[in-house]
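# Coordinate analysis (summary)
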Amino acid sequence: LSLARFFTTAALIVLQGGGLFNNSHIYAMSATPVKKVAVIGTTGKLGRQAVLQLNERKVPVRCLLRHDPSESEKPSIDKDASSSEVAAYLAALPNVEMVKGDVTDKSSVAELVKGCDAVLALHGPPRPSSVLKSLVPFLQDEQDGRHPRMVNYEGVKNIIEAARSSKTCKRIVRVTGKGEEPWSFFSILINMLGNMAKAWNYEGEELLRQCKDLDYTIVRPGVMGVPNTPEGAVLALKDNGGDLKVSPIKHETIASLCIECLEYPNAARSTLTAMNVPDGEGEKTYAPLLAKVAPDTREFPASMLDGHRAAARTGAAILLGFVAVGASVFVSIVKAALALF
């Protein structure tokens, strides 16, 4: 290292809250800054924050969009802005390039990843158009491009293939959620009403963990988008997919984690649970937490699809049973009321 580079690196480490000769920061010192990042899920609440933060860092970004930004659309990044307004706003930023396509389309994902060092896979399926179809498995079309199987599983396959073909992209950051407890209330609810979204998220995770030629960082965040989310020394991370109590966390906080983890080689091939804890029990920034994480060492279940399906079907059966009983009681009350006249 040149003397100037040595002191620059030392200053950065001190600013991050660590000492120069602290072993936990050796990884951060040796990290290679990313030159260009691809973002999927561009106009979502999480994706737009990632693009904005990358732009602030002056990192060139390639964004995947289903539709070309409209020149007649009013650019806006407001909380209630539409996807097309957000797209118009982001497209006007310097060093931001839009690529038309969809995560379920191999060719457009391959085009997106060209020349990029990393991919932030921040996408998710749209809300189901029909609750009934979500509750009744045989009514679901898993080949529909909007189905979680296509978005959370086949889409991840496409990203992996594109990264391999690019020759430049060596890191994939994927945001999912806690999904190793099929019989938990939240897992049952999300799978039951969301076409098995949690189940397919986990299967997508496993695709990444099985890759030996690409690095991944899987981020399992708390509940994003909750008003009045606490701030301060509240940030917590558990590597190896460790357990933390589910809590609210901001979109911009998780976007920051997805970007910052690229600077830490020790966060490669790691599954990180990211939650908030009571103020004073966590950290104010992710730097000291990321410096301590390690690659996955435990054996994750190869698949949890059957368990998720069994739990969701049981939940759906119970719910439909309650509905049937409620309907029967309602009909009985109506009949009794009519008999009085």
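In short, a report on the structure. Quick caveat: nothing in here was measured; it's all calculated off a predicted structure.

### Some thoughts on the overall build of the chain
The helix and strand tally for the chain stands at twelve helices and ten strands. Out of the 341 residues in the chain, the part that is buried amounts to 48%. Here the analysis covers contacts within the chain between residues at least 6 apart in sequence; of these, 78% occur between residues at least 24 apart. On the chain, roughly 17,500 Å² of surface is accessible, and the fraction owed to carbon and sulfur atoms is 58%.

### Notes on unusual backbone geometry
Of note in the backbone geometry, Asn-195 takes a positive phi value of approximately 55 degrees without being a glycine. Looking at the secondary structure, you find Asn-195 in the loop between helix 8 (185–193) and helix 9 (197–209). Using a relative accessible area of 12% as the deciding quantity, one classes Asn-195 as buried. Even without being glycine, Met-196 reaches a positive phi, approximately 65 degrees.

### Observations concerning helix 4 (residues 83–91)
Taken as a whole, helix 4 has its buried residues at Val-86, Ala-87, Ala-88 and Leu-90. Looking at the buried positions of helix 4, the neighbouring elements they touch are helix 3 (45–56), strand 2 (61–65) and strand 3 (96–100).

### With respect to the packing of helix 5 (residues 106–113) against helix 7 (residues 148–166)
The N-to-C vectors of helix 5 and helix 7 enclose an angle of 45 degrees; their axes lie 8 Å apart at closest approach. With respect to their mutual orientation, helix 5 and helix 7 come out oblique. Where helix 5 crosses over helix 7, the two elements pack in a sense that is right-handed. When helix 5 is examined against helix 7, the residues Lys-106, Val-109, Ala-110 and Val-113 are found in contact with a partner set consisting of Asn-158, Ile-159, Glu-161, Ala-162, Ala-163 and Ser-166.

### Examining the sheet that holds strand 4 (residues 118–121)
Sheet strands pair by backbone hydrogen bonding; their relative direction is either parallel or antiparallel. Strands sit in the order 3-2-1-4-5-6-10-8 across an open sheet of eight strands; the sheet is mixed. The two strands at the open ends of the sheet, each matched to only one other strand, are strand 3 and strand 8 (235–238). With strand direction ignored, the average angle separating the axes of adjacent strands in the sheet is 20 degrees. Against the sheet, helix 9 engages strand 5 (171–175), strand 6 (215–221) and strand 10 (270–276), with an angle of about 155 degrees to strand 6.

### A closer look at the packing of helix 3 against helix 4
Running from N to C, helix 3 and helix 4 cross one another at 10 degrees; their axes reach a closest spacing of 11 Å. In terms of axis orientation, helix 3 runs roughly parallel to helix 4. Contacts between helix 3 and helix 4 involve Arg-48, Val-51 and Leu-52 on the former and, on the latter, Val-86, Tyr-89 and Leu-90. Looking at the contact of helix 3 with helix 4 residue by residue, the class counts come to five nonpolar, no polar and one charged.

### A closer look at helix 7
Here helix 7 contains 19 residues, and its C-alpha end-to-end distance of 26 Å stays within 8% of the 27 Å for a straight helix at 1.5 Å per residue. The buried fraction of helix 7 amounts to 15 of the 19 residues, a majority that puts the element mostly inside the structure. Lys-167 sits one or two residues past helix 7 and shows a positive phi near 70 degrees.

### Concerning the nonpolar core
Leu-120, Leu-237, Ile-254, Tyr-286 and Leu-290 are the most contacted members of the largest nonpolar core, which has 45 residues in total. The residues contacting Ile-254, other than those within four sequence positions of it, are Leu-46, Val-175, Val-219, Pro-221, Met-224, Ile-249, Ala-274 and Tyr-286. Membership of the second largest hydrophobic core comes to 24 residues, among which are Ala-38, Val-109, Val-151 and Ile-218.

### Some points on the pattern of salt bridges
Throughout the structure, instances matching the rule amount to 17 salt bridges. With a closest N to O distance of 2.7 Å, Arg-57 and Glu-263 form a salt bridge. With Arg-57 in the loop between helix 3 and strand 2 and Glu-263 in the loop between helix 10 (251–260) and strand 10, this residue pair connects regions lying 206 residues apart in the sequence. Using a relative accessible area of 30% as the deciding quantity, one classes Glu-263 as partly exposed. In this structure, Glu-111 and Lys-114 form a salt bridge, with 3.2 Å as the shortest nitrogen-oxygen distance. On the accessibility criterion, Lys-114 (49% relative accessible area) is partly exposed. Among the charged side chains, a network of salt bridges with common partners joins Glu-180, Glu-205, Glu-206, Arg-209, Arg-220 and Arg-298.

Reading the values: rules and limits
- Residues numbered from 1 in each chain as written.
- Predicted model: local features only at pLDDT ≥ 70, side-chain atom pairs only at ≥ 80, totals over all residues.
- Heavy atoms only, no water.
- Helix = DSSP H or I, 4+ residues; strand = E, 2+ residues; numbered from the N terminus.
- Buried < 20%, exposed > 50% of the residue type's maximum accessible area, 1.4 Å probe, protein only.
- Contact = heavy atoms within 4.5 Å.
- Areas by Shrake-Rupley, 256 points an atom, 1.4 Å probe, with all protein chains shown as cover.
- Axes fitted to C-alpha atoms, helices over the stretch in contact; angles between N-to-C directions.
- Parallel < 35°, antiparallel > 145°, perpendicular 65-115°, else oblique.
- Left-handed = near helix turned anticlockwise from the far one by under 90°.
- Pairing = 2+ DSSP bridges.
- Nonpolar A, V, L, I, M, F, W, Y, C, P; charged D, E, K, R; others polar.
- Expected span 1.5 Å × (residues − 1).
- Core = buried A, V, L, I, M, F, W, Y, C linked by side-chain atoms within 4.5 Å.
- Salt bridge = Lys/Arg side-chain N within 4 Å of Asp/Glu carboxyl O.

Read these as layout, nothing more, since geometry by itself doesn't imply function.
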